[in-house]
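What follows is the residue order along each chain.
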Amino acid sequence: MKIRTLSHLQDRLDKEMGWRLKEVADLKTGVKSSKSLSQSTLIRAGVAVLYAHWEGFVKASSLAYVEYLNNQKIYYSELKAPFVVMGMKAYLNTLRESGNYEGNLSALSFLTTKMSERFSVDFSGAVNTESNLSSTVFFNIASSLCISHVPYEAKANLIDESLLKRRNKIAHGEYLDISSDEWRSLADEVLVLLRSYKTDVENAATMMSYRA
């Protein structure tokens, strides 16, 4: 179903969050009931899963928001600068990479004519997590959607060290020593991040914070 209304957006975000909450809850139950070596293995897998939900939800919810905007029939001239840049990206790449005269004219044409046209981007490629969603990459994604990253700055160390660094160690086959209590605490922190970002996306759409 295309995301045309706030209700559609809410439904998509609820679905994205719902299955992730269930999977983390199942993992918590598994970690709590497992013993010694099997618990250690499950915790390692659990860290990777937590990171997957972090990256997956940020990307999915951000793309849902861009898809929603694509269907609002709003003009570029009515949007804040980050969304204009989003629409210009293909033209900017042409201008930067091509010495072709026609290509450069296309880039210039966006500035002179497209601003009076409706916002329309390939939303499937509008959000790039770089397969390594550090705090810096996340802040950039949030800013590109006119969502303030300031409330998340206090969580930068959690994102970069407690989550991303541990996930990378596991992905590279390194040993990871983390207790069940530490893992459950990390799981709770990640869920707080996801809920916060979900709320921010919902508020941005409801309050039309994309408008200039």
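Rules used in this analysis
Residues numbered from 1 in each chain as written. Predicted model: local features only at pLDDT ≥ 70, side-chain atom pairs only at ≥ 80, totals over all residues. Heavy atoms only, no water. Helix = DSSP H or I, 4+ residues; strand = E, 2+ residues; numbered from the N terminus. Buried < 20%, exposed > 50% of the residue type's maximum accessible area, 1.4 Å probe, protein only. Contact = heavy atoms within 4.5 Å. Areas by Shrake-Rupley, 256 points an atom, 1.4 Å probe, with all protein chains shown as cover. Expected span 1.5 Å × (residues − 1). Phe/Tyr/Trp six-rings, centres within 6.5 Å; stacked < 30°, edge-to-face > 60°. Axes fitted to C-alpha atoms, helices over the stretch in contact; angles between N-to-C directions. Parallel < 35°, antiparallel > 145°, perpendicular 65-115°, else oblique. Left-handed = near helix turned anticlockwise from the far one by under 90°. Core = buried A, V, L, I, M, F, W, Y, C linked by side-chain atoms within 4.5 Å. Patch = residues over 30% accessible without salt bridge, like charges linked within 9 Å, V, L, I, M, F, W, Y side chains within 5 Å. Salt bridge = Lys/Arg side-chain N within 4 Å of Asp/Glu carboxyl O. Lys, Arg positive; Asp, Glu negative; His and termini not counted. Charge placed at Lys NZ, Arg CZ, Asp CG, Glu CD. Bend = angle between axes of the 7 residues up to and from the residue. Polar contact = N/O pair within 3.5 Å; in protein donor to acceptor, adjacent residues only side chain to side chain.

Engineer: Give me the lowdown on the overall build of the protein chain, citing residues and values where you can.
Structural biologist: In terms of helices and strands, the protein chain carries seven helices and zero strands. Each helix and strand of the protein chain, ordered N terminal to C terminal, gives the series α-α-α-α-α-α-α. Relative to its 212 residues, the protein chain shows a buried fraction of 40%. Contacts in the protein chain between residues far apart in sequence, at least 24 positions, make up 80% of those at least 6 positions apart. Accessible surface, the protein chain: about 11,200 Å² in total, of which carbon and sulfur atoms supply 52%.

Engineer: I'd like to hear about helix 1 (residues 6–33), residue by residue, with values.
Structural biologist: Compared with an ideal rise of 1.5 Å per residue, which puts 28 residues at 40 Å, helix 1 spans 41 Å between its outermost C-alpha atoms and is within 8% of the ideal. Of all the positions in helix 1, only Leu 9, Leu 13, Glu 16, Met 17, Arg 20, Val 24, Leu 27, Gly 30 and Val 31 are classed as buried.

Engineer: Could you give an account of the packing of aromatic side chains, naming the residues involved and the relevant values?
Structural biologist: With the rule as written, the count across this model stands at seven aromatic pairs. A ring pair is formed by Tyr 76 and Phe 119, whose centres lie 5.6 Å apart and whose planes are at 65°; its orientation type is edge-to-face. Here Tyr 76 is found in the loop between helix 2 (36–70) and helix 3 (81–97), whereas its partner Phe 119 is found in the loop between helix 4 (101–113) and helix 5 (135–144), with 43 residues between them in sequence. Here Phe 138 and Tyr 152 contribute two aromatic rings whose centre-to-centre distance is 5.0 Å and whose plane-to-plane angle is 85°, an arrangement assigned as edge-to-face. Residue Phe 138 is located in helix 5, and its partner Tyr 152 is located in the loop between helix 5 and helix 6 (156–171); the two are separated by 14 residues in the primary sequence. Here Phe 138 falls in the buried class, since its relative accessible area comes to 0%.

Engineer: Go over the packing of helix 6 against helix 7 (residues 180–206) with me, naming the residues and quoting the values.
Structural biologist: The N-to-C vectors of helix 6 and helix 7 enclose an angle of 120°; their axes lie 11 Å apart at closest approach. With respect to each other, helix 6 and helix 7 are oriented oblique. Helix-helix and strand crossings are classified by hand; for helix 6 and helix 7 the assignment is left-handed. Residue-level contacts link Leu 158, Ile 159, Ser 162, Leu 163 and Arg 166 of helix 6 to Glu 182, Leu 186, Glu 189, Val 190 and Leu 193 of helix 7.

Engineer: Before we move on, can you summarise unusual backbone geometry with the specific residues and values?
Structural biologist: One non-glycine residue with positive phi stands out, namely Ser 131, at about 55°. Position of Ser 131 among the secondary structure elements: in the loop between helix 4 and helix 5.

Engineer: How would you sum up the environment of Lys 165? Please name residues and give values.
Structural biologist: Of note, Lys 165 is situated in helix 6. Sequence separation between Lys 165 and Tyr 51 is 114 residues, and the spatial gap between their C-alpha atoms is 9.9 Å.

Engineer: Quick one: what's the story with the nonpolar core, residue by residue and with numbers?
Structural biologist: With 60 residues, the main nonpolar core has Trp 54, Tyr 65, Phe 83, Phe 119, Trp 183 and Tyr 197 as its most contacted residues. Taken together, the elements giving at least two residues each to this core come down to helix 1, helix 2, helix 3, helix 5, helix 6 and helix 7. Element by element, the count of residues in this core is highest for helix 2, at 13 residues. Setting aside chain neighbours within four positions, we find Phe 119 in contact with Val 66, Leu 69, Asn 70, Ile 74, Tyr 75, Tyr 76, Leu 79, Phe 83 and Met 86.

Engineer: I'd like a description of a positive patch on the surface, backed by residues and values.
Structural biologist: A surface patch of like charges, here positive, comprises Lys 2, Arg 4, Lys 73 and Arg 118. Looking at where Arg 118 falls in the secondary structure, it is placed in the loop between helix 4 and helix 5.

Engineer: With reference to specific residues and values, describe helix 6.
Structural biologist: Spanning 16 residues, helix 6 covers 21 Å between terminal C-alpha atoms, matching the ideal 22 Å at 1.5 Å per step. A bend of about 30° at Leu 164 is the largest found in helix 6. Note on helix 6: the residue one or two positions beyond its end, Gly 173, has a positive phi of about 75°.

Engineer: Tell me about the side chain of His 53, residues and numbers included.
Structural biologist: Residue position: His 53 is located in helix 2. Judged by its relative accessible area of 3%, His 53 is buried. There is a polar contact of 3.0 Å between the side chain of His 53 and the side chain of Glu 23. With near-sequence residues (within four places) excluded, His 53 lies in contact with Trp 19, Arg 20, Glu 23, Val 24 and Leu 194.

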